Amino acid sequence: MGARPRRRRAPAAPAAAAAAAAAAPGPLGALLAAAALLAAAAGAQQSATVANPVSGASPDLLPHFQLEPEDVYIVKNKAVSLACRATPATQIYFKCNGEWVHQGDHVMQHSTDRGTGLPVMEVRIEVTRQQVEKIFGLEEYWCQCVAWSSSGTTKSQKAFVRIAYLRKNFEQEPTAREVSIEQGIVLPCRPPEGIPPAEVEWLRNEELVDPALDANVYVTPEHSLVLRQARLADTANYTCVAKNIVARRRSTSAAITVYVNGGWSTWTQWSGCSTTCGRGWQKRSRTCTNPTPLNGGAFCEGQNVQKTACTTLCPVDGAWSEWSKWSVCGAECTHWRSRECSEPAPRNGGRDCHGPELDTRNCTSELCSHAAPGAEDVALYVGLVAVAVCLVLLLLVGVLVYCRKKGGLDADVADSSILTAGFQPVSIKTSKADNPSLLTIQPDLSTATMTYQGSLCPRQDGPAKLQLPNGHLLSPLGAGRHTLHHSSPAAEGADFVARLSTQSYFRSLPRGNTNMAYGTFNFLGGRLMIPNTGISLLIPPDAIPRGKIYEVYLTLHKQEEVRLPLAGCQTLLSPIVSCGPPGVLLTRPAILVMGHCVEASVENWSIRLKKQSCEGTWEDVLQLGAEPCTELYYCQLEAQACYVFTEQLGRFALVGESLSMAASKRLKLVLFAPAACPSLEYNIRVYCLSDTQDVLKEVIQLEKQLGGQLIGTPRVLHFKDSYHNLRLSIHDMPSSLWKSKLLASYQEIPFYHIWSGLQPFLHCTFTLERLSPSTCELACKIWVWQVEGDGQSFTVNFNIAKDTRFSDWLVPDSEVGAPALVGPSAFKIPFLIRQKIISSLDPPGTRGADWRTLAQKLNLDSHLSFFASKPSPTAMILNLWEARHFPNGNLSQLAAAVAEVGKQDGALFAVSEAEC
């Protein structure tokens, strides 16, 4: 702002200076006062000139301000500074609220204007909060500058000094609302009182709302936020923010929900009449999807299905009339008769008459001419004889081909698809003369097919031992080395099966069952797996006699399909599994793998392996922990699975009998609820199932059909043989949003229903009702516990409309590989290296370096007696390792164990570079 020059009397400046000087303390004040009085006397002599200036004196000699003080705010306890600058000026002083500021509080600076040469003077003072508070409430605190020159005085504008603040509470805050789509919304906001007045801005889900970027939004001068037309994207939390130089305040967030009321779709076409004859009904339907209710919007009113009566004419099937009379015998020696489909004729979709409409027969009469047999009849007879001779020759050729093929399949090693079902075509030749115990494999990659030469599986019967190199025993070959490759069993396809289908031992099995796996195997062995159940069957190499081909199946039975009688405290601990065909000859035990739900301990359980006989009765074939009554069966029980060695295929199950009340089974607790909830009712299903993979798979498949979703991480509960029931209850549900329809304080599942194991899964349902259709958040606790036993608690907190945190559990991970693996592709250990390990460790070694040491390294030394009862203990150990570690087994660990055995006897192994 420009200065407002005013003429003043000359003595005013010295008098003010004297007053300011007198306020200074001590001798300095007296000296300043004397100087001021001297100046006053000099000024009195010139008073006539200043008070009554000479006509024509220039007003430009009055001071004018180059810098004037401006309004300022005191923030907290920080002092503020006021400044002014004038020219030409000999003195400048501040006056605040009509009182002169002490001269000692001024900070002065003198300079000269370079353009005019006139003196320039600048003055600053500081104003503290205490100075302003002294007059707080009386009037506003203000200050202005007064400048003197030889021509008079000039006053600056007033600068007001105020204490800045911003109160905490809003005078009006926005409130939560539910509005229909395309409806206008006004969110009021009156910020807290403050100096300077607060500026207002809006946040939507903590992001700044900028009306310049969204034409649907604007802010009124009264700071209200206006949404012209509500959109689904406007559903959010809105917060009003007020701020000035002192502080920043936030209002309570207001939740705005934009809902959509449902609307009916158009009616579908009328359905066909429900009956094909007589009176029935037909219907049409519509859905509440135009639009679908959203965010608690109202559901459509009215019926979604309409029915109406209809009448359908009954179909009439046609029927034949009586045959007409025979016609006269014609020249062709035939006569005929006819009938019509007219008694009644078919109508209204009825069926036509079945059978011939015309009947013709041979006849004789005077009109019939009989021709003698001639050349045409002779030619016909000759042709028939020739066709018969050809058929006989073709039959003989077929028999000869069949005999040759059958003879080829019975050979030990043949150029046939039996071998290629397990390997890629390679050429195996005899070893060099200087080392007859080695095998050298030279694959010819330039040809598509080759034959095997020599013996495929040589055994080292002599005492010769081979040195184990430092390299990894089971590691893949480096560059330039040769190895034995695996191939897919599908490479041979239908031709392989067709060639074997004529054998007497080839069996046909039902196809398409998801709980069944099957495959065709020979002496190379293989593996069957039922996906996502933990059930598999390992057929080791040489378990099937050479020259034989078996089609083997593996089936998981639902317990309602197979009756397994249980006595006393017995309980089913595993799924019921069949492998077959029963009665086939196995020269080495196959290994059946299946899960179980027992917390095994010798003092608490008596566990038996049961097998169903051909007559349908169940027999105990093995008691775990006791001496086996036969060498046909053996069982390795681990924490989650059991491994059954069997030389006879059949139907098996694991049954336990508790010996004390401390015996317990593992139950898996799983919570499901509907993925969609169109009504006010909402069901939570709590499943209690045996802790095996196959039961979990069955429950997941059931819930997929019901449209359920998982709402909590599954938990494990240890259910004891204490005769106490299992209880389930729901707690801590917000009563303002939900209510439970459960009449009692808990639900209960009887002990024997769970303990028998004949029902693999049981469930209880908690039916809840939400008090408002807009309620989507569900928070509660579900407790599941055995009376005087173990218990689990689920904390449920999710959105029933869109929460999918646990959806991954509904898609169990698929097991690696196909359900049937044939030949070497079914095993982790390469075939030739396996044979080398077996031939080296089966004979007793010096210093105990044989299969017993390998069993100890693999923590299998508790089964030494079983391994020793078999012709090849090492093969049993490797078979068990394959069953336990497929498909993710670590060959490095096995190789390290074998290497440690080899270190105990330096001459234990001799492995050629081609084999390693």
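Residues numbered from 1 in each chain as written. Predicted model: local features only at pLDDT ≥ 70, side-chain atom pairs only at ≥ 80, totals over all residues. Heavy atoms only, no water.

A word on the overall build of the protein
Of regular secondary structure, the protein possesses 14 helices and 51 strands. Counting only residues that meet the buried cut, the protein has 43% of its 916 residues in that class. Taking the contacts inside the protein whose residues are at least 6 apart along the sequence as the reference set, 70% of them involve residues at least 24 apart. Accessible surface computed for the protein: about 48600 Å², of which carbon and sulfur atoms make up 54%. (Helix = DSSP H or I, 4+ residues; strand = E, 2+ residues; numbered from the N terminus. Buried < 20%, exposed > 50% of the residue type's maximum accessible area, 1.4 Å probe, protein only. Contact = heavy atoms within 4.5 Å. Areas by Shrake-Rupley, 256 points an atom, 1.4 Å probe, with all protein chains shown as cover.)

Considering the side chain of D234
Along the chain, D234 falls in the loop between β19 (225-227) and β20 (236-243). Accessibility expressed as a relative area gives 1% for D234, which makes it buried. Looking at D234, its side chain comes within polar contact range of the side chain of R204, at 3.2 Å. (Polar contact = N/O pair within 3.5 Å; in protein donor to acceptor, adjacent residues only side chain to side chain.)

Focus on the sheet that holds strand β8 (residues 119-127)
Sheet strands line up and pair through hydrogen bonds in the backbone, either parallel or antiparallel. Strand order across the open sheet formed by four strands is β2-β4-β8-β7, with antiparallel pairing between neighbours. Either end of the sheet is taken by a strand with one partner, and the two such strands are β2 (64-67) and β7 (107-112). Going from strand to strand, the sheet's axes swing by 25 degrees on average, the running direction of each strand aside. Relative to strand β4 (residues 80-87), β2 runs antiparallel, the two sharing three bridges. Note on β4: the bridge partner recorded for H64 is T87. (Pairing = 2+ DSSP bridges. Axes fitted to C-alpha atoms, helices over the stretch in contact; angles between N-to-C directions.)

Comments concerning a nonpolar patch on the surface
A cluster of nonpolar side chains, V385, V389, V392, L393 and L396, forms an exposed patch at the surface whose accessible area comes to about 470 Å². Tracing the sequence through the fold places L396 in helix α5 (residues 375-409). The exposed category is assigned to L396, whose relative accessible area is 51%. (Patch = residues over 30% accessible without salt bridge, like charges linked within 9 Å, V, L, I, M, F, W, Y side chains within 5 Å. Salt bridge = Lys/Arg side-chain N within 4 Å of Asp/Glu carboxyl O.)

Things to note about the pattern of salt bridges
A side chain with one charge can pair with a side chain of the opposite charge if their charged atoms come near. Taken as a whole and judged by the stated rule, the model has 30 salt bridges. With a closest N to O distance of 2.7 Å, E748 and R727 form a salt bridge. Separated by 21 residues along the polypeptide, E748 in strand β47 (residues 747-749) and R727 in strand β45 (residues 726-731) bring together distant segments of the chain. Look at E748 and you get partly exposed, because its relative accessible area is 36%. Close ionic contact of E900 with K857 constitutes a salt bridge, the shortest N to O distance being 3.0 Å. With E900 in helix α14 (residues 891-904) and K857 in helix α11 (residues 851-857), this residue pair connects regions lying 43 residues apart in the sequence. Residue K857 is classed as partly exposed on the basis of its relative accessible area of 37%. Shared partners join several salt bridges into a network, and the residues in it are R204, D214, R231 and D234.

Some points on the state of the cysteines
For the coordinates displayed, the defined rule picks out eight disulfides. Bridging C341 to C353, the disulfide has an S-S length of 1.9 Å. With the S-S bond torsion at 75 degrees, the cross-link from C341 to C353 turns out right-handed. In this pair, C341 sits in the loop between β25 (334-338) and β26 (358-362) while C353 sits in the loop between β25 and β26, placing the two residues twelve residues apart along the sequence. (Disulfide = S-S within 2.5 Å.)

Quick word on the environment of G318
Note on placement: G318 falls in the loop between β24 (305-312) and β25. G318 sits in the buried class, given a relative accessible area of 18%. In the structure, G318 is positioned 35 residues away from C353 in sequence and 5.2 Å away in space, judged by C-alpha atoms. Ignoring any residue separated from it by four or fewer positions in sequence, one finds G318 in contact with C341, P344, A345, P346, R351 and C353.

Things to note about the packing of aromatic side chains
If you walk through the whole model with that rule in mind, you get 17 aromatic pairs. On the numbers, 5.5 Å between centres and 40 degrees between planes, the contact of Y723 with F751 is tilted. Here Y723 is found in the loop between β44 (715-720) and β45, whereas its partner F751 is found in helix α9 (residues 751-755), with 28 residues between them in sequence. Given the relative accessible area of 44%, Y723 is considered partly exposed. An aromatic cluster of three or more residues is present, and its members are W605, F719, Y723, F751, Y752 and W755. (Phe/Tyr/Trp six-rings, centres within 6.5 Å; stacked < 30°, edge-to-face > 60°.)

Topic: the environment of P565
Relative to the elements of secondary structure, P565 occurs in the loop between β32 (550-557) and β33 (570-572). C-alpha separation for the pair P565 and W618, spaced 53 residues apart in sequence, amounts to 8.0 Å.

Details of the side chain of N879
Tracing the sequence through the fold places N879 in helix α13 (residues 873-885). Contact partners of N879, with chain neighbours within four places excluded, come to L538, P540, I591 and R834.

Focus on helix α8 (residues 693-706)
Between its first and last C-alpha atoms α8 spans 20 Å; for 14 residues at 1.5 Å apiece the expected length is 20 Å, and the two agree. Listed in full, the buried residues belonging to α8 are D694, V695, L696, K697, V699, I700 and E703. Buried residues along α8 sit in contact with β30 (526-530), β32, β41 (664-674), β42 (681-690), β43 (708-710) and β48 (761-770). With its phi angle positive at about 75 degrees, G707 sits one or two positions after the end of α8. (Expected span 1.5 Å × (residues − 1).)

Topic: the pairing of β20
Taking burial as the measure, the eight residues of β20 include six buried ones, the bulk of the element. In terms of strand pairing, β20 meets strand β22 (residues 254-259) through three bridges, oriented antiparallel. Looking at β22, one finds that A236 is bridged to I256. Sheet analysis places β20 next to strand β21 (residues 248-250), joined by three bridges and oriented antiparallel. The residue of β21 that forms the bridge with A242 is R249. The hairpin turn running from β20 into β21, its antiparallel successor, is four residues long.

Examining a negative patch on the surface
A cluster of acidic residues, E322, E340, E343 and E357, forms a negative patch at the surface. Following the sequence through the fold, E357 ends up in the loop between β25 and β26. (Lys, Arg positive; Asp, Glu negative; His and termini not counted. Charge placed at Lys NZ, Arg CZ, Asp CG, Glu CD.)

A short note on the confidence of the model for the protein
When pLDDT is averaged along the protein, the result is 77; 75% of the residues meet or exceed 70. Note on residues 408-512: pLDDT is under 50 here. Beyond four places in sequence and across chains, it has 180 contacts. Per-residue pLDDT stays below 50 along residues 812-816; that stretch engages in 13 contacts with residues further than four places along the chain or on separate chains. (pLDDT = per-residue confidence, 0-100.)

Considering the packing of helix α10 (residues 831-841) against α13
Running from N to C, α10 and α13 cross one another at 140 degrees; their axes reach a closest spacing of 8 Å. On the basis of the axis angle, α10 is oblique to α13. Facing α10, whose interface residues are R834, I837, I838 and L841, α13 presents T874, A875, L878 and N879. Looking at side-chain class alone, the contact of α10 with α13 contains five nonpolar, two polar and one charged residues. (Parallel < 35°, antiparallel > 145°, perpendicular 65-115°, else oblique. Nonpolar A, V, L, I, M, F, W, Y, C, P; charged D, E, K, R; others polar.)

Some words on the sheet that holds strand β35 (residues 590-595)
In spatial order, the strands read β38-β39-β35-β31-β30-β51; together these six strands make up an open sheet with antiparallel pairing. A strand with exactly one partner marks an edge of an open sheet, and here the two such strands are β38 (633-637) and β51 (820-822). The average angle at which neighbouring strand axes cross in this sheet is 15 degrees, direction not considered. Where β35 meets strand β39 (residues 641-646), six bridges bridge the pair, whose relative direction is antiparallel. Each residue of the ladder has a partner; that of M594, found in β39, is C642. Strand contacts of α13: β30, β31 (535-539), β35 and β39, with the helix running at about 140 degrees to β39, the strand carrying the most contacts.

Structural notes on the environment of A826
Relative to the helices and strands, A826 resides in the loop between β51 and α10. Sequence separation between A826 and G525 is 301 residues; the distance between their C-alpha atoms is 8.0 Å. In contact with A826, other than residues within four places in its own chain, are G526, R527, L821 and F886.

Remarks on α13
Its 13 residues give α13 an end-to-end C-alpha distance of 19 Å, which sits within 8% of 18 Å, the value for a rise of 1.5 Å per residue. The element α13 is extensively covered by neighbouring structure, given that eleven of its 13 residues are classed as buried. Looking at α13, one finds that the buried residues are P873, T874, A875, M876, I877, L878, N879, L880, W881, E882 and A883.

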